[in-house]
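Fold and contact review
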4 protein chains.
Amino acid sequence: MIRLSLYIYRNPILHFVSSPISTSLSLLTLSLQFEVQMSFAKKEYEFLKEIGLGPHNLGCYASGVWRGNGPVITSINPSNNQAIAEVTEASTEDYEEGMKACFEAAKTWMQIPAPKRGEIVRQIGDALRAKLQQLGRLVSLEMGKILAEGIGEVQEIIDMCDFAVGLSRQLNGSIIPSERPNHMMLEMWNPLGIVGVITAFNFPCAVLGWNACLALVCGDCVVWKGAPTTPLITIAMTKIVAGVLEKNNLPGAIFTSFCGGAEIGQAIAKDTRIPLVSFTGSSKVGLMVQKTVNERFGKCLLELSGNNAIIVMDDADIQLAARSVLFAAVGTAGQRCTTCRRLLLHESIYQRVLDQLLEVYKQVKIGDPLLSGTLLGPLHTRAARENFEKGIEIIKSQALAVSKNGGKILTGGSAIESEGNFVQPTIVEISPNADVVKEELFAPVLYVMKFQTLKEAIEINNSVPQGLSSSMFTHKPEVIFKWIG
Amino acid sequence: MIRLSLYIYRNPILHFVSSPISTSLSLLTLSLQFEVQMSFAKKEYEFLKEIGLGPHNLGCYASGVWRGNGPVITSINPSNNQAIAEVTEASTEDYEEGMKACFEAAKTWMQIPAPKRGEIVRQIGDALRAKLQQLGRLVSLEMGKILAEGIGEVQEIIDMCDFAVGLSRQLNGSIIPSERPNHMMLEMWNPLGIVGVITAFNFPCAVLGWNACLALVCGDCVVWKGAPTTPLITIAMTKIVAGVLEKNNLPGAIFTSFCGGAEIGQAIAKDTRIPLVSFTGSSKVGLMVQKTVNERFGKCLLELSGNNAIIVMDDADIQLAARSVLFAAVGTAGQRCTTCRRLLLHESIYQRVLDQLLEVYKQVKIGDPLLSGTLLGPLHTRAARENFEKGIEIIKSQALAVSKNGGKILTGGSAIESEGNFVQPTIVEISPNADVVKEELFAPVLYVMKFQTLKEAIEINNSVPQGLSSSMFTHKPEVIFKWIG
Amino acid sequence: MIRLSLYIYRNPILHFVSSPISTSLSLLTLSLQFEVQMSFAKKEYEFLKEIGLGPHNLGCYASGVWRGNGPVITSINPSNNQAIAEVTEASTEDYEEGMKACFEAAKTWMQIPAPKRGEIVRQIGDALRAKLQQLGRLVSLEMGKILAEGIGEVQEIIDMCDFAVGLSRQLNGSIIPSERPNHMMLEMWNPLGIVGVITAFNFPCAVLGWNACLALVCGDCVVWKGAPTTPLITIAMTKIVAGVLEKNNLPGAIFTSFCGGAEIGQAIAKDTRIPLVSFTGSSKVGLMVQKTVNERFGKCLLELSGNNAIIVMDDADIQLAARSVLFAAVGTAGQRCTTCRRLLLHESIYQRVLDQLLEVYKQVKIGDPLLSGTLLGPLHTRAARENFEKGIEIIKSQALAVSKNGGKILTGGSAIESEGNFVQPTIVEISPNADVVKEELFAPVLYVMKFQTLKEAIEINNSVPQGLSSSMFTHKPEVIFKWIG
Amino acid sequence: MIRLSLYIYRNPILHFVSSPISTSLSLLTLSLQFEVQMSFAKKEYEFLKEIGLGPHNLGCYASGVWRGNGPVITSINPSNNQAIAEVTEASTEDYEEGMKACFEAAKTWMQIPAPKRGEIVRQIGDALRAKLQQLGRLVSLEMGKILAEGIGEVQEIIDMCDFAVGLSRQLNGSIIPSERPNHMMLEMWNPLGIVGVITAFNFPCAVLGWNACLALVCGDCVVWKGAPTTPLITIAMTKIVAGVLEKNNLPGAIFTSFCGGAEIGQAIAKDTRIPLVSFTGSSKVGLMVQKTVNERFGKCLLELSGNNAIIVMDDADIQLAARSVLFAAVGTAGQRCTTCRRLLLHESIYQRVLDQLLEVYKQVKIGDPLLSGTLLGPLHTRAARENFEKGIEIIKSQALAVSKNGGKILTGGSAIESEGNFVQPTIVEISPNADVVKEELFAPVLYVMKFQTLKEAIEINNSVPQGLSSSMFTHKPEVIFKWIG
């Protein structure tokens, strides 16, 4: 079996696959039909043609051919909830056709020498580099994150490609001298065959990159299902990869891609032709996927929930800390895998940090993520915005319950009246024991709390059930090494 | 070729091979004859019998047999310059006999599976553990370092043995998938055959351990020449190893050992049967060995001179620093590979550190290294003591020349009247530009200097021609990472 | 998290945890009571005292104290189905007490420097070495494998200890230069805390060694549940480890051990204090354990079913192949993780190999595994013997159904009339398509089949649902590399 | 210190730096002046303009500026000994200016994050890819190897660039848990500063690639001196690198390049600013460089002489062997680092292989290396051609002396009458004991000899003083593993 060693560098992180949303969107299809034509007429959408997108798109790249016999859905711009374009998702027949071809292509791909596979991945990196601006704009447009983040996400795949090229010459096996005379053991890494990749809306292409670049150099074909609400990114990315495969006269089925919802996800989880499934999304869905995959003796790579804290010690550089917290809590509108949800402040600098933070929160520019200067774009869907409002209600009710520990909204706390899914960046003063703190609200809501000792801060940090990629601000080496173990 | 990867962890360090001394000692042989008998009658020397030593010893273990046809020398106790025992060194005929057998034994040893070689090294470790106290006492007696250091040095070989056992199951080669279809490259580590090890008086057995443990598990035979002034340690160590080889019915020539001087050293350097020579000693002799070995296309591992500094920053824990400096400058009577020779103090804490240091220097107990409580034993030879006195004269003269930069002996500065080679631990206040600072005085002499900025401190640290294993005291992570690169 | 990297070297293998048996045995307790006393009076059982066993034993080492408040069971000698000794298993209260102490001990153990933990593991290795003969005899007596295998299994843990000592100095983290200037990433391995180890009857101590040696040097405490039918081995092994911990003044709870059945196994699977559970046994139970552990976000190491083939090519050394097949199919009475269950012979040498094999099968000496010369001991339990007989019935019925493909018992096929659980080593000529070939019969039954091409042989090899550690006999490098990938 | 680990994969190999030739060429400068203008007017030389070359070229890239104040030399086409273009070499003043700037640039380059350095190397790879055909033609034109080899050599650097990009994210240091509680050791790789690279005529750019790509990602500046007879390649390669540095606003001095002879080579060897010197060339010059570098405590990477054998066993695929021998002995006109100089044939297939070989040698097409179909181009210089003729005389005389062992020229043996440096591919039947076999004749001369056993063949293989990258043809795995150790 192939090791995909990059994954050991990451803690479990929080993503969402919002499959119910895909259903409700398909109900809206008809009424949005006209709008789609209009959108594409707009000047600011012209760049979409440069990456192969039109008003109506087939959402399934199977056996090297674009097809789509499933439901027609509409991709929505979260800044104004207007349609961008239509996509025909994969049907279960499309899935089966695609997987058959992929299974055949796997036999070809694993026979190609690893460094040659690396050369293909290098070309994919170059093809992405040539369309970096357009792909970055599309991420920003369809997902809602600001442009710098959109471009940064595409750059991340490019970096992964470059890195994987080097790895393609390092997939060494071992010759192990045994304890028996004239006896030698050979150990080689063989491709698994096919790796399934199920990604979430918040990183609609970077997560593909982590998985696909490694899988491809390792000799595995890739089957990708992107999030149902970011189908255009799925299609645009796939077109780049498909172009490189075609140019090299390789079967397109080496990279098979499906736009679709829970049904396609379940098909992947159950498919014995896919020995490894990488899933990014909620803990709840992740556990279900894992169970299904394990039952057929497959393996899973899971990237699930996170509830990260930033701890600011009494000796910290407060300005640096405040700036970093802003970026960590508000970036990607709080929908990031590593969003900071809890801010733990040492009592001696509690008020000073908080004052600085409230000051910088006031200056956050909210609006169209494609506009220069915007720091906070919309939440990804109307449903997410509603979820934010429900969350704020719960916070308010719990804040009361634990009122002796403080507990109040210091800034923000409302959705913004507009066509889009905009909400205010929010800071809540609350006790670490409040129930709501142990849950995830996938929005720019930051819980602030006070601590007295490092030990206490670490205990609070570890008191939530989700995965952690927490961080700390301090100058003291002894605290640093205590922190990292 | 085999990699001996441990060596990458060490900077070049200063040791001495005092070959002239071996000559002068052999001239003294006759007059010391009677004394040797007397020493062995003493109760405190009885433990020597437990590790196979007597008043007269053969100094060559060749072809699994103890022999010696070279000059008879006397091992001297540096605490009183009285004889401990006599040793007959190897003649060049002994050398040639030994190497012939070793060359044959190499064919046997490299055929034994690596994990089985590891098992032999494990047994050597256990045999050393059983005689830890006696071997440690002998190091202390013959070399002059205090007992804790003597035992610590033997423990270091034991640790190396345990570590090497694990390595014996990790000598993996690689299977490298190439860029050609159906093509595979195999890469294996093969034993070199024989590794020559030339060690110095100041670590008369640990340095053997670093080399021999790795060489043996790698499948190489070992040819060892210890320092001419520590022949008893060479013999006692060899007897332990020989015992294990015999018990396992292996050729004794796998570990071939010669007491001897420059002549044997040169024979090793020139010997085309020895593809790798590890040498520890002075830079001057090291370069000569390297040149000789390279000319016959052999390889060298060199451990040469050092001139290490300790930098104390303004935020350092001063008590911790003072204690560490004492240990680093006075330990092994300043004859250690990593002895601190230069103390760089930030101007703001200069006087405070110096005061503390002078205080602790006063309390250093000087005397018989075997006695509990002693912190500073004798220098290794009478010649080293004379060298110390000459060095002090030069320091005094240069201190005058650079008087505007300070420059004076703050404590110590004299040899101690006694039968042994004792000298006072010495602190000298001096400019970093003084010539004497850039040379090595292999004795407990510490040069103290002042600096204002980190940049300046690093420049002073790097301004000497010798190797460095310097260190720094600070709490600031940014300074730490600047320091380590 | 700590990597336990050794596990990547092993394919999933077939073991059994026969929890129903533990229940039926406890029903037998009363009637066996007297017999136990008698057994211990026997001269051949005297060695049990030397490893701390008596006629009545407490089966739970918790918090450094021997206790046992669960059911009293009897350990049975599979050669004669007579009792060896009694064991009081752990109750759920014992479990909870033990885990509380273990959880506390984990805080201590992870603070001890890794090389010091390595030193403890080295001492465990030495303590095992001192009792190698007795422990090997016990494995043979209680499990039923022949003495050479019993001793070999204990030697395997000793080797693991030696290997782990080396690893204790290699648990390095990384300093990763990032793409940002003056930015550095530190990555360290931290102990998990507690590793749960559930082992099976067929390797009652080696599997513990693979897990415990690595876990201990990594800084994890170990909680062990051995198989319910090999409690004496569990106790004897634990006493060795406990002795070392005590001698070093460490909490006994660092190594916590429970004799018990499914109830204790389930408690481990559910216990959130145990982030990693290593399970060896049937695929069915393994999947259940994995599901339970995953639901609480724990991780699993599984060693499950195997159905291994030996492929003999037309150019093979036939004598070597026949000897190897005998060892692979009959060793440990076919109850080994890597037992060969299917023999694939190239048609051109089919009859020759078969003739040789039938010849050597005739000479297999069956009997008391402790007697010198015995090659085949009893099956582990009376139930296993009955299972063998049922399996033979199925084979016979299927052989008829596929008669056109051959299908008949060539040798063996019967249980042997005796007090013990002995069966005949059996060879069955059968089609690769017969259903029974795709199931596991945990007994010395070998299915022989014919093939024409390498491709066909590899397809047959891969046509079973279980894990594989198959092998091949050939001289051709191109076939070898085809085979390994 | 930085490890340049790639070098461990290569055996010492034979290259030539023919510094006397550069002197004699400069004497010819005047008379060739006109010819140079003519050459550049030729249509087939037009491609040189596309890689920045003209009739007169400055041969020193120092401090980011092209200059040249040393002797003017002429680059000669070995196919007709006519001038291609003129180059003004570096003077010692140019060298000193260049090194000063390089030493300053090193401070900048080592501060740039490793992955950013990798990005520069990636761009260099892309810039080379864009000029692959032209650079390959130039190698063929100026060095004399056939076009496929010329292009292949440039491709090798491109591959090194791609590989090094991946390495730029893997230069990890270590965090080593020590045996002391709460103690941690950090180990980081720091750049050396400057790496000197002295390359030979036969691989005028690939060897630069091995060194420079690794050095650059490691944070080291590069100082390159190419062979005096291939200055156009040196200049063209440097222009590619310089272009990338300029485009990224980096100091050109990061890559400093000198056309020049022995004087510049000696300056590099002596220069204390260059801690590591990589040298490729003759063993004689290599030893001198090493000695000079070592005396100033610098380090060397040497690629020296080779005398490789191909062993053909009795079971070998004879056609495959014959084809491979042709390529190995005649490729690059026998001037390759891994040229096969000795063919060892098992007596049972001796005549059959020889017959086949003589047959294929007859079909070798000799001529202009740029023409399609040519298999054997000219030797690199007129002097090399003369050397070939002298070598043949010696062979003939020794063949007589050992006539009882056979010894005669079976094919070839003459230079070819032409304007260029062409010689016939030559096969000589000779005893392995003949003196001439132990020397190197850097030309397409193959010595054929007979052996009876594998042991004998390995002894013959190892009986020469030069480095080895020998190979063997067999089907037997036991022979393969015997062969590789």
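Keep in mind the model is a prediction, meaning the values are calculated, not measured. Here the residue numbers are simple positions, counted from 1 along each chain's written sequence. In the order they appear in the text, chains get letters beginning with A and ligands get numbers beginning with 1. With the structure being a predicted model, the display of local features is reserved for residues of pLDDT at least 70 and the display and counting of side-chain atom pairs for 80 or more, all residues being used for whole-chain, interface and lining totals.

**Let's talk about the sheet that holds strand 7 (residues 184–187) of chain B**
So the rule is basically this: For two strands to be treated as a pair, DSSP must find no fewer than two bridges joining them. Comment: elements are numbered from the N terminus, with helices defined as DSSP H or I runs of at least four residues and strands as E runs of at least two. The axes used here are C-alpha line fits, helices contributing only the stretch in contact, and every angle between their N-to-C directions lies in the interval 0 to 180 degrees.
Pairing is antiparallel across the open sheet formed by 4 strands, whose spatial order is 7(A)-6(A)-6(B)-7(B). Edge strands, defined here as strands with exactly one partner in the open sheet, are strand 7 (184–187) of chain A together with strand 7 of chain B. Geometrically, the sheet is characterised by an average inter-axis angle of 20 degrees between neighbouring strands, direction not taken into account. In terms of strand pairing, strand 6 (residues 173–177) of chain B meets strand 7 of chain B through 4 bridges, oriented antiparallel. Bridge pairing links B:Ile176 to B:Met185 in strand 7 of chain B.

**Some words on the environment of A:Glu50**
Locating A:Glu50 in the fold gives a position in helix 3 (residues 47–50). In sequence terms A:Glu50 and A:Gln134 are 84 residues apart; their C-alpha atoms lie 7.5 Å from each other.

**Comments concerning the UniProt feature "active site" (unreviewed entry) in chain A**
So the rule is basically this: UniProt positions are given in the numbering used here, feature names are shortened, and annotations may be inferred rather than shown by experiment.
What UniProt calls "active site" (unreviewed entry) maps, in this numbering, to A:Glu303. Structurally, A:Glu303 is set in strand 12 (residues 299–303).

**Section: the relation of the copies chain C and chain B**
Each of the two chain copies goes to the other by way of a rotation about an axis and a shift along it. As a reminder, the rule being used: Superposing the copies works by least squares over the C-alpha atoms of residues that have pLDDT at least 70 in both of them.
Rotating chain C by 180 degrees about the axis while translating it 0.0 Å along that axis superimposes it on chain B, leaving an RMSD of 0.1 Å. Taken together, the rotation and translation describe the operation of a two-fold axis. For chain C, the smallest separation between a C-alpha atom and the rotation axis is recorded for C:Gly166, amounting to 2.1 Å.

**Overview of unusual backbone geometry**
Residues and elements named next belong to chain D. This is how the line gets drawn: Each residue is classified by how many other C-beta atoms fall within 10 Å of its C-beta atom, where C-beta atoms are placed from the backbone; a count of 20 or more means buried, 12 or fewer means exposed, and values in between mean partly exposed.
Of note in the backbone geometry, Ser63 takes a positive phi value of approximately 60 degrees without being a glycine. Within the secondary structure, Ser63 sits in the loop between strand 2 (60–62) and strand 3 (65–67). Located in the positive-phi region is Thr332, a residue other than glycine, with phi close to 50 degrees. Tracing the chain through its elements places Thr332 in the loop between helix 12 (318–330) and strand 14 (340–346). Judged by local crowding, Thr332 falls into the buried class, with 24 C-beta atoms found within 10 Å.

**With respect to the interface of chain B and chain A**
Rules: We call two residues in contact whenever the C-beta atoms placed from their backbones are within 7 Å. Classes in brief: Ala, Val, Leu, Ile, Met, Phe, Trp, Tyr, Cys and Pro nonpolar; Asp, Glu, Lys and Arg charged; the others, Gly included, polar.
Each side of the interface is counted separately: chain B has 22 residues, and chain A has 22 residues. For the side of chain B that touches chain A, the secondary structure elements donating two or more residues are helix 5 (114–130), strand 6 and helix 16 (477–484) of chain B. No other element matches the 5 residues that strand 6 of chain B contributes to the side of chain B that touches chain A. For the side of chain B that touches chain A, the residue count by class is 12 nonpolar, 6 polar and 4 charged. Relative to strand 6 of chain B, strand 6 (residues 173–177) of chain A runs antiparallel, the two sharing 3 bridges. Each residue of the ladder has a partner; that of A:Ser174, found in strand 6 of chain B, is B:Ser174.

**Points about the relation of the copies chain B and chain A**
When chain B is fitted onto chain A, the two copies agree to an RMSD of 0.0 Å after a turn of 180 degrees and an axial shift of 0.0 Å. Of the residues that chain B buries at the interface, 100% are likewise interface residues in chain A, meaning the two copies contact each other through the same surface.

**Let's talk about the environment of C:Ser140**
Residues and elements named next belong to chain C. Mapped onto the elements, Ser140 comes out in helix 6 (residues 132–143). For Ser140, a count of 24 C-beta atoms within 10 Å translates into the label buried. The residues touching Ser140, leaving out its near neighbours within four places in the chain, are Lys145, Ile146, Leu147, Gly150, Pro369 and Leu370.

**Quick notes on the environment of C:Phe255**
Summarising the element assignment, C:Phe255 is placed in strand 10 (residues 255–258). Between the alpha carbons of C:Phe255 and C:Gly467 there is a distance of 31 Å; along the sequence they are 212 residues apart.

**Digging into the pairing of strand 16 (residues 426–429) of chain B**
All names here are of chain B. Note that strand 15 (residues 408–411) and strand 16 share 3 bridges and pair antiparallel. Pairing of Lys408 across the sheet is with Glu429, part of strand 16. Bridging between strand 16 and strand 17 (residues 445–451) involves 4 bridges; their strand directions are parallel. Across the sheet, Thr426 pairs through a bridge with Val445, a residue of strand 17.

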